[in-house]
Amino acid sequence: MSEKLVQVEHLRQYFPAGGFGKHKKFVQAVDDVSFDIYRGETLGLVGESGCGKTTTGRTLLRLYEPTGGRFTYDGEVIFDVEQKKFVNMLPYRKKMQIVFQDPYASLDPRMTIGDIVGEAIDVHKMAANKKERYDIIIEMLERVGLNSEHANRYPHEFSGGQRQRVGIARALAVRPEFIICDEPISALDVSIQAQVINMFEDLQAEMGLTYLFIAHDLSAVKHISNRIGVMYLGRMVELADSYELITRPLHPYTKSLISAIPIADPKTARESNRIVLEGDVPSPLNPPSGCRFRTRCPYADERCAAEVPEWRELEQGHFAACHHIEKCN
Ligand code: SF4
């Protein structure tokens with residue numbers, strides 16, 4: 001796993017939030033975020049609601065126009081805002097797909113499952129004739145555990161888990177290389193979440209897929225991800241190999257997230273040291289100066305308010321942004 005498929009450098013996504021001229025305000029949803037994803041890898045991206053993880057994924061696909069930064073895919077610059085370079089996305093929409101969080105809202109209730117999966121095949125002219133189109137639809141439905149009988153039914157006839165399978169079949173129909181999985185299991189019953197995660201893993205092995213797997217819950221991504229990045233209020237605070245991040249987190253925010261993962265064994269749970277953060281996440285409209293985590297960090301000092309912590313590789317492949325890593329560990 002050494003070839004970089006995705007390279008994101010200093011990505012910024014600010015949304016206008018009213019005001020005029022000098023008083024114009026922006027929601028700083030993503031601010032100076034950088035990461036790579038290797039071919040065949042799953043990079044998990046976690047953080048609380050509103051931390052910018054979903055916006056990061058959608059900006060890469062240009063569902064939002066980026067405010068700053070550069071995105072390189074398989075060696076091609078897809079956008080470089082500072083250089084004013086933006087490629088035509090159509091050929092890349094085939095290579096890069098997205099599976100949305102809400103399987104209820106993301107499927108058109110007036111279309112049959114077959115037409116929902118077939119739509120992308122039509123857009124990208126993937127089939128030479130009707131028979132080939134039908135064969136691809138059935139193949140994709142079977143890959144996600146559905147079958148030909150489901151093709152003529154409508155979304156309301158399916159459970160949440162089945163609808164999410166349809167969303168995945170739709171993404172797979174154009175034979176992508178890279179899939180942004182945008183909280184694909186958050187809306188599903190806990191009993192179904194593991195099945196869908198296993199299916200993502202099987203599809204990755206069969207089709208050689210690369211995933212950016214977004215979730216608000218670390219326990220949801222820790223098994224599927226090779227590496228995990230943690231975001232807080234629009235910035236990446238830590239990134240490391242999954243096992244390393246879970247067993248030896250360095251950033252105080254990651255430590256608090258890990259301490260919140262439920263532990264099945266009551267004795268171990270009693271002995272574990274749960275870190276409860278004070279206060280709420282500040283508004284991205286007016287984020288704290290310096291380190292954005294400083295209003296909730298037990299180690300914060302004056303330097304944390306004055307300087308943005310540098311994103312540093314502290315050990316091989318283990319990155320974090322904090323002025324006082326030694327003090328926190
Ligand atoms: Fe806490 Fe300061 Fe480190 Fe931010 S830079 S995480 S406020 S110690």
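Residues numbered from 1 in each chain as written. Predicted model: local features only at pLDDT ≥ 70, side-chain atom pairs only at ≥ 80, totals over all residues. Heavy atoms only, no water.

## Topic: the overall build of the protein chain
Scanning the protein chain from terminus to terminus reveals 12 helices and 13 strands. Against the 2.2 N^0.38 benchmark of 20 Å for 329 residues, the protein chain shows a C-alpha radius of gyration of 21 Å, consistent with a compact globule. Projecting the C-alpha coordinates of the protein chain onto the three principal axes gives extents of approximately 65 × 55 × 40 Å. When burial is assessed residue by residue, the protein chain has 49% of its 329 residues classed as buried. In the structure as shown, the protein chain presents an accessible area of about 16000 Å², 49% of it carried by carbon and sulfur atoms. Averaged over its 40 positive side-chain charges, the protein chain has a centre that lies 4 Å from the centre of its 45 negative ones. (Helix = DSSP H or I, 4+ residues; strand = E, 2+ residues; numbered from the N terminus. Rg over C-alpha atoms; globule rule 2.2 N^0.38 Å. Buried < 20%, exposed > 50% of the residue type's maximum accessible area, 1.4 Å probe, protein only. Areas by Shrake-Rupley, 256 points an atom, 1.4 Å probe, with all protein chains shown as cover. Lys, Arg positive; Asp, Glu negative; His and termini not counted. Charge placed at Lys NZ, Arg CZ, Asp CG, Glu CD.)

## What to know about the nonpolar core
Of all hydrophobic cores here, the largest spans 58 residues; its most connected members are Ile-168, Phe-200 and Leu-218. Counting residues in hydrophobic clusters, the runner-up holds 31 residues, among them Val-6, Cys-51, Phe-79 and Ile-214. (Core = buried A, V, L, I, M, F, W, Y, C linked by side-chain atoms within 4.5 Å.)

## A word on the site of the ligand
Inspection of the region around the ligand gives His-251, Pro-252, Cys-291, Phe-293, Arg-294, Cys-297, Tyr-299, Ala-300, Cys-304, Cys-322, His-323 and His-324 as its neighbouring residues. Here the ligand is seated within the largest cavity. The class makeup of the residues in the shell around the ligand is 8 nonpolar, 3 polar and 1 charged. (Near = heavy atom within 4 Å. 1 Å grid on protein atoms, 1.4 Å probe; cavity = no way out; pocket = protein on both sides within 12 Å on 5 of 7 lines; lining within 4 Å. Sits in = over half its atoms within 2 Å of the grid points. Nonpolar A, V, L, I, M, F, W, Y, C, P; charged D, E, K, R; others polar.)

## With respect to the pairing of strand 1 (residues 4-16)
Inspection of the sheet shows strand 1 paired to strand 2 (residues 26-38) by 9 bridges, in the antiparallel sense. Note on strand 2: the bridge partner recorded for Pro-16 is Phe-26. Inspection of the sheet shows strand 1 paired to strand 4 (residues 68-73) by 5 bridges, in the antiparallel sense. Each residue of the ladder has a partner; that of Val-8, found in strand 4, is Phe-71. (Pairing = 2+ DSSP bridges.)

## Some details on the pattern of salt bridges
The tally for this structure, following the rule as stated, stands at 24 salt bridges. Lys-4 is the salt-bridge partner of Asp-36, the closest N and O atoms lying 3.2 Å from each other. Within this pair, whereas Asp-36 is found in strand 2, its partner Lys-4 is found in strand 1, the two being separated by 32 residues in sequence. Note that Asp-135 is salt-bridged to Lys-131, the shortest N-O span being 2.6 Å. Highlighted residues: Asp-135 and Lys-131, both in helix 4 (residues 130-143), separated by 4 residues, approximately one helical turn. For Asp-135, a relative accessible area of 35% corresponds to the partly exposed category. (Salt bridge = Lys/Arg side-chain N within 4 Å of Asp/Glu carboxyl O.)

## A word on the packing of helix 3 (residues 113-123) against helix 4
The geometry of a pair of packed helices is captured by two quantities: the angle between their axes and the separation between those axes. One can describe the packing of helix 3 onto helix 4 by two numbers: an axis separation of 9 Å at closest approach and a directional angle of 115°. The element helix 3 and its partner helix 4 pack so that their crossing is right-handed. Contact with helix 3, carried on its side by Ile-113, Gly-114, Asp-115, Val-117, Gly-118, Glu-119, Ile-121 and Asp-122, involves Arg-133, Ile-136, Ile-137, Met-140 and Leu-141 of helix 4 and no other residues of that element. Per-class residue counts for the contact of helix 3 with helix 4 are 7 nonpolar, 2 polar and 4 charged. (Axes fitted to C-alpha atoms, helices over the stretch in contact; angles between N-to-C directions. Left-handed = near helix turned anticlockwise from the far one by under 90°. Contact = heavy atoms within 4.5 Å.)

## Let's talk about the packing of helix 5 (residues 160-172) against helix 6 (residues 190-207)
Where helix 5 contacts helix 6, the two axes come as close as 11 Å, and the packing angle between them is 20°. When the axes of helix 5 and helix 6 are compared, the pair comes out roughly parallel. Note on packing geometry: the crossing formed by helix 5 with helix 6 is right-handed. Residue-level inspection shows Gly-161, Arg-165, Ile-168 and Leu-172 of helix 5 in contact with helix 6, the latter providing Ile-192, Gln-195, Val-196, Met-199, Phe-200, Leu-203 and Met-207. Looking at the contact of helix 5 with helix 6 residue by residue, the class counts come to 8 nonpolar, 2 polar and 1 charged. (Parallel < 35°, antiparallel > 145°, perpendicular 65-115°, else oblique.)

## Points about the pairing of strand 4
Buried residues dominate strand 4, accounting for 5 of its 6 residues. Of the pairings in the sheet, the one linking strand 4 to strand 5 (residues 76-80) comprises 4 bridges and is antiparallel in character. Directly across from Arg-70, in strand 5, lies its bridge partner Asp-80. Where strand 4 hands over to strand 5, the hairpin turn is made up of 2 residues, of which Asp-74 adopts a positive phi near 50°.

## A short note on unusual backbone geometry
Positive phi is not limited to glycine here, since His-10 has a value of about 55°. As for its position among the elements, His-10 is in strand 1. The residue Glu-183 is not glycine, and still its phi comes out positive at about 50°. Relative to the assigned elements, Glu-183 resides in the loop between strand 8 (178-182) and helix 6.

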